[in-house]
Amino acid sequence: MKATSGELPTGPGWIYEVKWDGMRVIADVAPDSVQAWTSNGRDATVAFPELASLGGALAPVEATLDGELVALDGRGKPSFGRLQQRMHVASPAEARRRAGEVPVELVVFDLLRLGGRDVVQLPWRDRRRLLDQLADDLPPGSGVAQVFDDGPALVAVCEERGLEGVIAKRVDSPYVTGARTRSWIKVKVRRHDEMVVGGWSEGEGNRSGRLGSLLVGFHDTPGSATLRYAGRVGSGFTGAELDRMAGVLDPLATDDCPFDPLPPPLQRRRAHWVRPAVVVEVAYGEWTPDERLRHPVYMGQRVDVDADAVVHPG
């Protein structure tokens, strides 16, 4: 179930949670096994071996949990940049090593199945009651998301602490699998969104002859063939991430520009086009009147989001 962007709803029937800057996962938990998937169906089990402890901790209960994996920085704030170090790992041995260097926490906020019974048709308040009954059994590094009654106050706290935003949820809403509904409303405090990479520009200075910036855009509607140009993202990269991203984009090279209409001539200078299959997260100041990102900063690649699903956040 996915949230819709909007203004903060208030009044009876709404509760509020922090919107964590991490990676959404669905975890199927059994006493002898745990399988985890991202929101676009990618298997995340190997990359996050610490999730295996859920099985023994909840035994003999079987459950399907919905939550967010987050990596905290030195100030205790979720850092998508740190989480990036964990997301692309396919080797079990490497995943275990990185788990020791960059630990993650699982914030569980919903329950889809319990003891072999689907509970998605239950209203949120009943699913939450069942989830609370599991809270004390969750292993270290996992916990149930805190719920708040005062949405405006939570928004103010998120602004003060630099957190991503707030999710408002209807207490009477069922869990609508695979859908984006207005029963969940996301209110972002920090401006950052997913964008599709449609090309890259060669850099200058110490980036001369290599990837210097990404050319990004969005679709009009989910699944649309049209990719609208949103700007060029050249800051926020380390040298290692530039090299890694170049390796990701090289196999996607094409002679055809995927943007319609074409980017401005200056943006097309020294541009290399790619098939629009890679999604990145970008922080920015605001949208300009011509729908360009102002002061965009690269945050990381999103392997948990399908390119076809990326649309204008407004």
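No experiment lies behind these values; they were computed from the predicted model shown.

**A short note on the sheet that holds strand β10 (residues 180–188)**
Either a parallel or an antiparallel arrangement is found when strands of a sheet pair, and the pairing is made through backbone hydrogen bonds.
Point 1. Reading across from one edge, β1-β10-β9-β2 is the order of the four strands in this open sheet, with mixed pairing throughout. Since the sheet does not close on itself, it has two edges, and those belong to β1 (2–5) and β2 (14–19), each with one partner. Direction aside, the axes of adjacent strands within the sheet are offset by 40° on average.
Point 2. Two strands pair when backbone bridges link them, and β2 and strand β9 (residues 165–170) are joined in this way by six bridges, in the antiparallel orientation. By the bridge assignment for β9, E17 is matched with I167.
Point 3. Those strands touched by helix α4 (residues 124–134) are β2, β9 and β10, and its axis lies near 55° from that of β2.
Point 4. Helix α5 (residues 151–161) contacts β2 and β9 of the sheet and is inclined by roughly 10° relative to β2.

**Considerations on the layout of surface pockets**
Point 1. Taken as a whole, the largest pocket holds about 1,000 Å³ of empty space.
Point 2. Surrounding the largest pocket, 39 residues form its lining, K2, A3, R180, K186 and E194 being those nearest its centre.
Point 3. Only β1, β2, β3 (23–30), β9, β10 and β11 (192–202) provide two or more residues apiece to the lining of the largest pocket.

**Examining the pattern of salt bridges**
Point 1. Considering all chains together, one arrives at 21 salt bridges under this definition.
Point 2. Across the salt bridge formed by D132 and R128, the nearest N and O atoms sit 3.0 Å from each other. Taken as a pair, D132 and R128 lie in helix α4 at a separation of four residues, close to a single helical turn.
Point 3. Assessed through its relative accessible area of 13%, R128 is described here as buried.

**Concerning the pairing of strand β15 (residues 271–283)**
Looking along a regular strand, one sees side chains alternate from face to face of the sheet.
Point 1. Here β11 runs beside β15; their pairing, made up of nine bridges, is antiparallel. The partner of W200 across the bridge, within β15, is H272.
Point 2. Pairing geometry for strand β14 (residues 253–254) and β15, over two bridges, is antiparallel. By the bridge assignment for β15, A253 is matched with V274.
Point 3. Relative to strand β18 (residues 297–301), β15 runs antiparallel, the two being bridged by four bridges. Along β18, the bridge assignment pairs E281 with G300.

**Considering the packing of aromatic side chains**
By convention here, two paired aromatic rings are described through the distance between centres and the angle between planes.
Point 1. Following the criterion strictly, the structure yields seven aromatic pairs and no others.
Point 2. Centre to centre, the rings of F109 and W184 are 6.3 Å apart; their planes meet at 80°, and the pair counts as edge-to-face. Taken together, the positions of F109 in strand β6 (residues 105–114) and W184 in strand β10 put the pair 75 residues apart, joining distant regions of the chain.
Point 3. Accessibility expressed as a relative area gives 10% for F109, which makes it buried.
Point 4. What makes W184 buried here is its relative accessible area of 3%.
Point 5. An angle of 90° between the planes, with centres 5.8 Å apart, marks the rings of F218 and W287 as edge-to-face. One end of the pair, F218, is in strand β12 (residues 211–219); the other, W287, is in strand β16 (residues 286–287), with 69 residues separating them in the sequence.
Point 6. Take F218: its relative accessible area is 3%, and that puts it in the buried class.
Point 7. Residue classification places W287 among the buried residues on the basis of a relative accessible area of 17%.

**Some details on empty space enclosed by the protein**
Point 1. Applying the stated rule across the entire model yields one cavity of 30 Å³ or more.
Point 2. Roughly 30 Å³ of internal volume is contained in the largest cavity.
Point 3. Forming the boundary of the largest cavity are V18, K19, W20, D21, P78, G162, L163, E164 and R190.
Point 4. Tallied by class, the residues present in the lining of the largest cavity amount to four nonpolar, one polar and four charged.

**What about the packing of helix α2 (residues 80–87) against helix α3 (residues 92–101)?**
Point 1. For the pair α2 and α3, interaxial distance at closest approach is 9 Å and the crossing angle is 160°. As far as their axial angle goes, α3 and α2 are roughly antiparallel. Between α2 and α3, the contacting residues are R82, Q85 and R86 on the first element and A95, R98, A99 and E101 on the second.
Point 2. Here the contact of α2 with α3 is built from residues that sort into two nonpolar, one polar and four charged.

**A short note on α4**
Point 1. All of the buried residues in α4 are W124, R127, R128, L130, L131 and L134. All buried residues of α4 project into a common sector of 165° when viewed along the axis, lining one side.

What counts, and where the lines are drawn
Residues numbered from 1 in each chain as written. Predicted model: local features only at pLDDT ≥ 70, side-chain atom pairs only at ≥ 80, totals over all residues. Heavy atoms only, no water. Pairing = 2+ DSSP bridges. Helix = DSSP H or I, 4+ residues; strand = E, 2+ residues; numbered from the N terminus. Axes fitted to C-alpha atoms, helices over the stretch in contact; angles between N-to-C directions. Contact = heavy atoms within 4.5 Å. 1 Å grid on protein atoms, 1.4 Å probe; cavity = no way out; pocket = protein on both sides within 12 Å on 5 of 7 lines; lining within 4 Å. Points joined across faces, edges and corners; volume = space filled by probe spheres on them. Salt bridge = Lys/Arg side-chain N within 4 Å of Asp/Glu carboxyl O. Buried < 20%, exposed > 50% of the residue type's maximum accessible area, 1.4 Å probe, protein only. Phe/Tyr/Trp six-rings, centres within 6.5 Å; stacked < 30°, edge-to-face > 60°. Nonpolar A, V, L, I, M, F, W, Y, C, P; charged D, E, K, R; others polar. Parallel < 35°, antiparallel > 145°, perpendicular 65-115°, else oblique. Arc of directions from axis to C-beta.

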